[in-house]
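Results of the structural survey
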Amino acid sequence: MKMPADIIKEIMKIVPEEKISDVAFEAANIVLYTKNKGYFLDDKETVRKAVNTVKKRIELRPDPSMCVDQETTEKLIHTILTAESGVDQIVFDPERSVVYIEVENPGIAIANRGALINKVKEETLWMPVLKRKPPIKSQLIENIRSVLYENSEYRRKFLHKAGERIYNGWQKERKEEWVRITYLGGGRQVGRSAIFLQTPESRVLFDCGVDPASDDHAYPYLEAPEFRLEELDAIVISHAHLDHTGFLPYLFKYGYRGPVYCTEPTRDIMSLLQLDLIKIARDKEEDAIYSVDEVREVVKHTVTLDLESVTDITPDVRITFYNAGHILGSAMVHIHVGNGLHNILYTADIKYAKTHMLAPSHTKFPRVETMLIESTYGGKDNVVSNSADDEFARFIINTMKRGGKVLMPTLGSGRAQEVVVLIEKLIKQKKIPKDVPIYLDGMLWDIMAIHTAYPEFLNSSLRQRIFHKEDNPFLAENIKRVGSAKERKQIVEEGEPCIIIATSGMLTGGPSVFYLQELCADKRNALVFSCYQAEGTLGRQIQAGVSEFSITTGRKVEAFPIKLEIFKIEISGHSDRRELMNFVKNCSPRPRKVLVNHGEISRCLDFARSLHQQFRIETICPRNLDCLRLR
Ligand SMILES: [Zn+2]
């Protein structure tokens, strides 16, 4: 048996070494394999003692040679997990002695302290892992799961290598201590977020986005002198939006093969958005910057983490995800450097208020010296009104009454589902007629399916409704999927009033632009903006009041008049000015230094000035390529 790191020696002093047949890392997790059945089923808490001593996650698994054959195991699983739990797919990962069981009701299998699941373990000698089967079938989730299953042998090696990188520097003395942050993107702008952290032992990139509104400066500054792809240890992704993930597959195209840390919903949603980016480029007859193969590479290299679980990602960097409240699976990243050397909170995008779908962002942290905070709506006048829901309902009803259609361009993830939950709520309150069809175009339907797959990331009230299937707003009958160009044509040509929700959110491409072209000349119709419109986008132009717009396809330029009614509702996944101030105010502990990013210049500066005045903390608005020494 190979023992690469000191930590393994430490563990072997506590567990009975003679009963351990193999040891493997799965990134920061340590897996012990045993050929001893008695020890596997009842280890007399030696593993728990080891966990308490080394403070790492350790799992005991049966040696693959011990597992009952797959056919028998499958039968046993069906017998043990009763019909009510709704066993669907069973997938074996024989390299790691793990069996994934997709069930409709994981609750039943884990009831009574996991009595049933323990029985599976005892009788099959496999490690059972439950997966929730989404109530809406999602081809994407199936594809992602199959990429992971098919590459299980590669993943075992890759995860072990990632673990060796983490643990081989463990407990070593360092001569010099310092921490630096370089803005490769996202400084004084909304777009291409990419923040590079250097410590004596690590090179970590936080987010890697594109700027969807820009043609010339759309990508992060990878040419910055301190950044070298081949030296990068890890990438951490805060949430799925393309301004945080759109450039990630490009790094794989140029050879990055290290880990990508994110939450499970983020992995699924970002893959979908990246694939969509390729599709949009193709539709515009442009070359995409990467292909489907690279998106698959990203999936192969993801290491998903739960919220609030502390994880080592390099020898001297430890991260913890906290709920950000922004979109499904979105996380703030708490970064602990060295042994108490420095603590950073990277908020990425946050919503510090309960929304229809999510809980407000977390505010309690172990320690924070430096905070990196967004300022999308950081300007003095960026206030979201509270009466928005009722106004929105009135607007929808008026449009319906005159026989018009409502088009809502939304971002791929987050807003569209928030809109669905809001409309279903207004229908329940009888403010909007219950038969109004809501069309979700293409990808949005898939994203909704992902929402139903991870209810544990939703706020508690919505989660409760989803667990009782009959009250799941995402499964309402008036919500319809639009998949093809033919179906789109049908919807705009039919006279019936309806609500159409489609990407892209800023009208930079995708089906929302098609619908707009079809609907814009009829003044009975309506256009509802529900998300931030970046400078340079068609959405921003229309908000500014232009009377027509033109679309260029190849060499053809076509002009369209804007006659439909325009409405703006802030269903924002971002905190407004007041919420941002309150977030910093309620943050415990309060940071000593705040770097304000992810906002237009004036908003960044304005928010930074106010933070300084009100809380007497040092504030900085870094520009792109600025490098700051934090310690
Ligand atoms: Zn975002």
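Computed from a predicted structure; not experimentally measured.

What follows is about the overall build of the protein. Broken down by element type, the protein carries 20 helices and 28 strands. Computed over C-alpha atoms, the radius of gyration of the protein comes to 25 Å, within 12% of the 25 Å expected from 2.2 N^0.38 for 631 residues, which places it in the range of a compact globule. Out of the 631 residues belonging to the protein, those deemed buried represent 49%. Here the contacts in the protein between residues at least 6 apart in sequence split such that 74% fall between residues at least 24 apart.

For the rest of this paragraph, the subject is the environment of Lys-593. Secondary-structure assignment places Lys-593 in strand 26 (residues 593-597). With 226 residues separating them in the primary sequence, Lys-593 and Arg-367 have C-alpha atoms 13 Å apart. When sequence neighbours within four positions are dropped, the list of residues in contact with Lys-593 reads Glu-369, Thr-370, Ile-617 and Glu-618.

Turning our eyes to something else, we now look at the sheet that holds strand 5 (residues 98-103). Strands sit in the order 4-5-6 across an open sheet of three strands; the sheet is mixed. Where the open sheet ends on each side, the last strands, each with one partner, are strand 4 (87-93) and strand 6 (127-132). Here the strands of the sheet are splayed against their neighbours by 20° on average, with no regard to which way each runs. Two strands pair when backbone bridges link them, and strand 5 and strand 6 are joined in this way by six bridges, in the parallel orientation. The residue of strand 6 that forms the bridge with Val-99 is Pro-128. Against the sheet, helix 4 (residues 70-80) engages strand 4 and strand 5, with an angle of about 145° to strand 4.

Before going further, it helps to examine the pairing of strand 13 (residues 311-314). Both strand 13 and strand 14 (residues 317-323) contribute to a ladder of three bridges, which runs antiparallel. When the bridges of strand 14 are listed, Thr-311 appears paired with Ile-319. Between strand 13 and strand 14, which pair antiparallel in sequence order, lie two residues.

A word on the environment of Arg-603. The topology assignment puts Arg-603 in helix 20 (residues 601-615). Note on Arg-603: 25 C-beta atoms within 10 Å, which makes it buried. Along the sequence, Arg-603 and Thr-553 sit 50 residues apart, while their C-alpha atoms lie 35 Å from each other. Excluding residues within four positions of it along the chain, Arg-603 makes contact with Ser-375, Gly-378 and Gly-379.

One finds Ile-195, Tyr-261, Tyr-346, Leu-440, Ile-500 and Ile-501 to be the most contacted residues of the largest nonpolar core, which totals 172 residues. In terms of residue count, helix 14 (residues 443-453) provides more of this core than any other element does, eight residues in total. Residues contacting Leu-440, with those up to four places away along its chain left out, are Ala-416, Trp-445, Met-448, Ile-479, Arg-481, Val-482 and Ile-501.

Okay, helix 10 (residues 264-283) next. For helix 10, built from 20 residues, the straight-helix expectation of 28 Å at 1.5 Å per residue is met to within 8% by its first-to-last C-alpha distance of 29 Å. Immediately beyond the C-terminal end of helix 10, within one or two residues, lies Glu-285, with a positive phi of roughly 60°.

Time to look at the sheet that holds strand 3 (residues 58-62). Pairing within the open sheet is mixed, and its three strands lie in the order 1-2-3. Only two strands of the sheet have a single neighbouring strand rather than two, namely strand 1 (20-26) and strand 3. Within the sheet, the average angular offset between the axes of one strand and its neighbour, ignoring direction, is 25°.

Another point: the pairing of strand 7 (residues 180-185). Counted residue by residue, strand 7 has five buried out of six residues, so it is predominantly covered. Looking at chain direction, strand 7 and strand 8 (residues 194-198) are connected through five bridges and run antiparallel. Bridging from a neighbouring strand, Thr-182 pairs with Phe-196 of strand 8.

Contact geometry for helix 19 (residues 577-586) and helix 20: axes closest at 11 Å, N-to-C directions at 40°. As judged from the angle between their axes, helix 19 and helix 20 are oblique. With respect to the hand of their crossing, helix 19 and helix 20 are arranged in right-handed fashion. Facing helix 19, whose interface residues are Leu-580, Met-581 and Val-584, helix 20 presents Phe-607, Ser-610, Leu-611, Gln-614 and Phe-615. The class makeup of the residues in the contact of helix 19 with helix 20 is six nonpolar, two polar and no charged.

Let's shift gears to unusual backbone geometry. Following Thr-503, the chain continues into Ser-504 via a peptide bond in cis, with omega recorded as 0°. For the peptide bond that leads from Ser-588 to Pro-589, omega is -5°, which places it in the cis range. By the element assignment, Pro-589 lies in the loop between helix 19 and strand 26. Backbone geometry places Leu-125, a non-glycine residue, at a positive phi of 55°. Relative to the helices and strands, Leu-125 is located in the loop between helix 5 (106-124) and strand 6. By C-beta crowding, Leu-125 is classed as buried, having 20 other C-beta atoms within 10 Å. Although it is not a glycine, His-598 sits at a positive phi angle of roughly 50°.

The next point concerns the domain arrangement of the protein. Segmenting the protein into domains produces domain 1 (6-64), domain 2 (67-133), domain 3 (177-380 + 574-629) and domain 4 (388-568). For domain 2 and domain 3, the distance between their C-alpha centres works out to 37 Å.

What follows is about the environment of Ile-566. For Ile-566, the location among the structural elements is in strand 25 (residues 565-568). Each C-alpha atom, one on Ile-566 and one on Ala-526, is 5.8 Å from the other, the two residues being 40 residues apart in sequence. When sequence neighbours within four positions are dropped, the list of residues in contact with Ile-566 reads Leu-527 and Ile-542.

Taken N-terminus to C-terminus, the directions of helix 6 (residues 139-150) and helix 11 (residues 292-300) make an angle of 65°; their axes are 9 Å apart at the nearest point. By the angle between their directions, the pair helix 6 and helix 11 is classed as roughly perpendicular. For helix 6 against helix 11, the interelement crossing comes out right-handed. Contact residues: helix 6 offers Ile-144, Val-147 and Leu-148, while helix 11 offers Arg-296, Val-299 and Lys-300. Residue classes in the contact of helix 6 with helix 11 are distributed as four nonpolar, no polar and two charged.

Rules and cut-offs
- Residues numbered from 1 in each chain as written.
- Predicted model: local features only at pLDDT ≥ 70, side-chain atom pairs only at ≥ 80, totals over all residues.
- Helix = DSSP H or I, 4+ residues; strand = E, 2+ residues; numbered from the N terminus.
- Rg over C-alpha atoms; globule rule 2.2 N^0.38 Å.
- Buried ≥ 20, exposed ≤ 12 C-beta atoms within 10 Å, placed from the backbone.
- Contact = placed C-beta atoms within 7 Å.
- Pairing = 2+ DSSP bridges.
- Axes fitted to C-alpha atoms, helices over the stretch in contact; angles between N-to-C directions.
- Core = buried A, V, L, I, M, F, W, Y, C linked by C-beta atoms within 7 Å.
- Expected span 1.5 Å × (residues − 1).
- Parallel < 35°, antiparallel > 145°, perpendicular 65-115°, else oblique.
- Left-handed = near helix turned anticlockwise from the far one by under 90°.
- Nonpolar A, V, L, I, M, F, W, Y, C, P; charged D, E, K, R; others polar.
- Domains from an automatic or database assignment.

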